[in-house]
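Survey of secondary and tertiary structure
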Amino acid sequence: MRQGMKSTDKNIWHMSSIELYVNRLDSVESVLPYEYNTFDFCHDFKKPSPSENLGQVLFGERITSSPYEFSFNKSETCVKVCMKSYDTAKEDQKKKLDFLKRGMQLNYQHHWIIDNMPVVWCRDINGGNKYCTTGFPIGCFVTQSGVSSDACFMHPEFNKTNTYYIFNHVDITITYHSENEVDWYVSKLVSARLEPKSYKHVDENHLTCNGTPMEIPGDYTDKLNITYTYSVKFEENKQIRWGSRWDYILVSMSHTRIQWFSILNSFVVVLFLTGMVAMIILRTLHKDIIRYNQEDIQKDYGWKLVHGDVFRPPRHGMLLSILLGQGTQVLIMTFITLSFRGLKWKTNFLLTALLCPGVVFVDIFIMNLILWIEGSSSAISFGTLIGILALWFGISVPLTFLGAYVGSFQKFDYPVSTNQIPRHIPHQDFIRRPLFSIIIGGVLPFGCIFIQLFFILNSIWSHQMYIMFGFLFLVFIILLITCSEATILLCYFHLCSEDYHWWWRAFLTSSFTAVYFFAYAVYYFFARLKITGIASTILYFGYTMIMVLIFFLFTGTIGFFSCFIFISKIYSVVKVD
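This write-up is about the structure you can find in this document. (Residues numbered from 1 in each chain as written. Predicted model: local features only at pLDDT ≥ 70, side-chain atom pairs only at ≥ 80, totals over all residues. Heavy atoms only, no water.)

1. Side note on the packing of aromatic side chains
Let me state the cut-off plainly: Aromatic rings from Phe, Tyr and Trp, with only the six-membered ring used for Trp, were paired whenever their centres fell within 6.5 Å, and each pair was classed as stacked if the ring planes differed by under 30 degrees, edge-to-face if by over 60, and tilted otherwise. Every helix listed is a DSSP run of H or I at least four residues long, and every strand listed is a run of E at least two residues long, numbered separately from the N terminus. Throughout, exposure labels follow a simple rule: accessible area from a 1.4 Å probe, protein chains only, divided by the maximum for the residue type, with under 20% read as buried, over 50% as exposed, and the rest as partly exposed.
Here the structure, examined in full by the defined rule, presents 47 aromatic pairs. On the numbers, 5.7 Å between centres and 20 degrees between planes, the contact of W502 with F560 is stacked. Of the two residues, W502 sits in the loop between helix 9 (469–496) and helix 10 (503–511) while F560 sits in helix 12 (residues 534–572), which places them 58 residues apart along the sequence. For the pair formed by W502 and F560, the shared burial category is buried. Ring centres of F551 and F554 lie 6.3 Å apart, and the angle between their planes is 40 degrees; this geometry places the pair in the tilted category. Within this pair, F551 and its partner F554 are both found in helix 12, separated by three residues, close to a single helical turn. For the residue pair F551 and F554, the accessibility class agrees, reading buried in each case.

Below is the structure:
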């Protein structure tokens, strides 16, 4: 928002209006978001609403206009927006009031926007610190037993049992920064804050915005009037520049120290693994290669002994190829298909293009049915579903076919030939068996990411803003290195024990990190969230399974190709008769 006037006449301001937009309402106790117009608040259906892009639609964003409108640098006090009347004897009005009370009971949050900035609500917490959030509650509820929701701690007057307190008034503070630009004196909005309050307006003709709170008894059966009001004031701040205006949202986000601890912890793990890999490559493996290449050695042993079987195609190779094709798409956003010896590349193409995306689409379709039944704003319209299918079959499938077709003409030559008869694998003790190594292989990568995972889940389910993308990139690099090195270590140990079944093991060793991801998501659901209701629970685990599947493909692909490159390299430098 840019407001300007001639610098030669700084007493004349060109007044312009500031529009306030409202977004969907959500709750930490329910996965179901609702449009602003679903609740019986003050509406303005005359103004056009901004259009959402596909990403906003899929995430349930529903930005609409509101009747709140201000004039720049014009402070106002206790302005009436509208009045809502309810008669519990009328079924339609009773349903609206009950839905409003249900929203207060589940602690649903408003999300308002001014000049493309979220309006934040800041409140004092322990130690004199401030906690700021981009949402504020529509009200609060004190149960029959006297248990209060978080928002009811704002004022000591909110203490009556079985009573709802609706926040029908907001004090809005808009901060702007002024500066000279050529011949104009320009003002730009740099922050927007509000404080929700509850007032019972007795006289509609003389609003004072003070006094007792607006109470709604839980067993109320009479007529009720709720008047919505606001106050707005403008403050100039010459210290905040327009380019850094989002910094005010980060006032209470003191996670930097925790993030650096997470990075340091992950870095130590990477150093440990790197040291182990370096020791193997520079010492043990180097000595093995020299010893294996000596002409006086008459008998092969160790990992050289399985050179004729190490590149033998694995069981269920088609399924592994499909998973790797999908994982590669996730990893580098490119569509390629991996085939073993070029067999059945057309079948491979079809399954790669349809299997995993089909699973995700069915999951989304089932969850969308639940959202549609519950009347949530996250429900995807039929037209949007058709658009998603068009993107899938119009872009993803043809590009996958193109990659498979080109790949079918490329032949990869392994560094050693494969024997006609598979070699017998010696008996393996418990710690060398696949299950044990797969379980162990996922521990270290998960240990590097679980702190970041906590903040990401907070961003998704607890509606906390995530802005530490620099830390996230570092953790991403550490995850790549950790998955690669852990898989290479375990792969080398198994080859030394003459077990050449490494294909699936390499994929599952690092992809088992996704199992720990899912286990942590289950713990997070029961320990950190207050989600209630069967529909919300199904939606939580439905969305979680999509994330786990993508993470499974992503980490498994990293481990497989790291192990494949490692094995190809060591067998290319050893002499084989």
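2. Structural notes on the pattern of salt bridges
Should their charged atoms come close, side chains of opposite charge can pair. Just so we agree on the cut-off: By definition, a salt bridge exists where a carboxyl oxygen of Asp or Glu is found within 4 Å of a side-chain nitrogen of Lys or Arg.
In this structure the tally under the stated criterion is seven salt bridges. Between D40 and K84 there is a salt bridge, with the nearest N and O atoms lying 3.4 Å from each other. Here the residue D40 occupies a position in the loop between strand 4 (30–34) and helix 1 (54–58), and K84 occupies one in strand 6 (residues 76–87), the gap between them amounting to 44 residues. Across this residue pair, the class does not change: D40 and K84 are buried. K197 is paired through a salt bridge with D171; the nearest N and O atoms lie 2.8 Å apart. Of this pair, K197 sits in strand 16 (residues 184–197) while D171 is found in strand 15 (residues 169–181), placing the two residues 26 residues apart along the sequence. Through salt bridges with shared partners, a single ionic network connects K94, D98 and K101.

3. What about helix 11 (residues 513–527)?
The line we're drawing: How far a helix is expected to stretch is found by multiplying one less than its residue total by 1.5 Å. Directions drawn from the helix axis to the C-beta atoms are what define this arc. The contact rule is simple, with two residues in contact once any of their heavy atoms fall within 4.5 Å.
For helix 11, built from 15 residues, the straight-helix expectation of 21 Å at 1.5 Å per residue is met to within 8% by its first-to-last C-alpha distance of 21 Å. Looking at helix 11, one finds that the buried residues are T513, A514, F517, Y520, A521, Y524 and F525. One face of helix 11 carries all of its buried residues, which in axial projection span an arc of 145 degrees. Where helix 11 is buried, its residues contact helix 8 (443–461), helix 10 and helix 12.

4. Remarks on the state of the cysteines
Rule in force here: Here, a disulfide means two cysteine sulfur atoms that sit within 2.5 Å of each other.
Scanning the model with the defined rule gives four disulfides in all. Put simply, C78 and C209 are joined by a disulfide, and their sulfur atoms are 1.9 Å apart. When the S-S torsion is 85 degrees, as for the bridge of C78 with C209, the disulfide is right-handed. Within this pair, whereas C78 is found in strand 6, its partner C209 is found in the loop between strand 16 and strand 17 (215–217), the two being separated by 131 residues in sequence. With relative accessibility at 11%, the residue C78 sits in the buried group. Between the sulfur atoms of C140 and its disulfide partner C152 the distance amounts to 2.2 Å. Taking the torsion about the sulfur-sulfur bond, which here is approximately 100 degrees, the covalent link between C140 and C152 counts as right-handed.

5. So, the side chain of K197
How we decide: Here a polar contact means two N or O atoms within 3.5 Å. Within protein one must be a hydrogen donor candidate and the other an acceptor candidate, and residues neighboring in sequence count only if both atoms are side-chain atoms.
Here K197 falls in the buried class, since its relative accessible area comes to 18%. Side chain to side chain, K197 and D171 meet in a polar contact 2.8 Å long. For K197, the contacting residues outside a window of four places in its chain are I166, F167, N168, H169 and D171.

6. Topic: the sheet that holds strand 14 (residues 163–166)
What holds strands together in a sheet is hydrogen bonding between their backbones, with the strands either parallel or antiparallel. For clarity, the cut-off: Pairing between two strands requires that DSSP report at least two bridges joining them. Axis angles are defined between N-to-C directions and span 0 to 180 degrees, where every axis is a line fitted to C-alpha atoms and, for a helix, only to the segment in contact.
Judged by pairing direction, the sheet is antiparallel, and its three strands sit side by side in the order 13-14-17 without closing on themselves. Where the open sheet ends on each side, the last strands, each with one partner, are strand 13 (139–142) and strand 17. The average angle at which neighbouring strand axes cross in this sheet is 20 degrees, direction not considered. Here strand 14 runs beside strand 17; their pairing, made up of three bridges, is antiparallel. Within strand 17, the position partnered with Y165 by the bridge is E215. Packed on one face of the sheet, helix 2 (residues 91–105) meets strand 13, strand 14 and strand 17 and runs near 90 degrees to strand 14.

7. Some remarks on unusual backbone geometry
You will see that C78, though not glycine, has its phi angle at about 55 degrees, which is positive. Here the phi dihedral of D115 falls at roughly 55 degrees; this positive angle occurs in a residue that is not glycine. With respect to the element layout, D115 can be found in the loop between strand 8 (112–114) and strand 9 (117–118).

8. A closer look at the sheet that holds strand 9
One open sheet accounts for four strands, arranged 5-2-8-9; its pairing is antiparallel. The open sheet has two edge strands with one neighbour each: strand 5 (64–71) and strand 9. As paired elements, strand 2 (residues 17–22) and strand 5 share five bridges and run antiparallel to each other. Residue pairing for strand 5: Y21 is matched across the bridge by S65.

9. A word on the packing of helix 10 against helix 12
The axes of two packed helices give the description: the angle between them and the distance between them. Using the following cut-off: Oblique is the label for any angle not under 35 degrees, not over 145, and not in the 65 to 115 range, which are roughly parallel, roughly antiparallel and roughly perpendicular in turn. The crossing is said to be left-handed when, going from far helix to near helix, the turn is anticlockwise and less than a right angle, and right-handed when the turn is clockwise. Throughout this entry, Asp, Glu, Lys and Arg are counted as charged residues, while Ala, Val, Leu, Ile, Met, Phe, Trp, Tyr, Cys and Pro are counted as nonpolar. The remaining residues, Gly among them, count as polar.
Close contact between helix 10 and helix 12 brings their axes to 7 Å; oriented N to C, the two are set at 135 degrees. In terms of orientation, helix 10 lies oblique with respect to helix 12. Considering only the axes of helix 10 and helix 12, their crossing is right-handed. Within the contact between the two elements, helix 10 uses W503, A506, F507, L508, S510 and S511 and helix 12 uses F552, L553, T555, G556, T557, G559, F560, C563 and F564. Of the residues assigned to the contact of helix 10 with helix 12, the class counts are nine nonpolar, six polar and no charged.

10. Examining the environment of Q109
By the element assignment, Q109 lies in strand 7 (residues 109–110). A C-alpha to C-alpha distance of 10.0 Å links Q109 and N23, two positions 86 residues apart in sequence. Those residues in contact with Q109 that lie beyond four places of it in its chain are R24, L25, D26, G135, F136 and P137. In terms of polar contacts, Q109 uses its side chain to reach the side chain of N107, at 3.2 Å. A polar contact of 3.4 Å, which involves the side chain of Q109, links it to the backbone nitrogen of F136.

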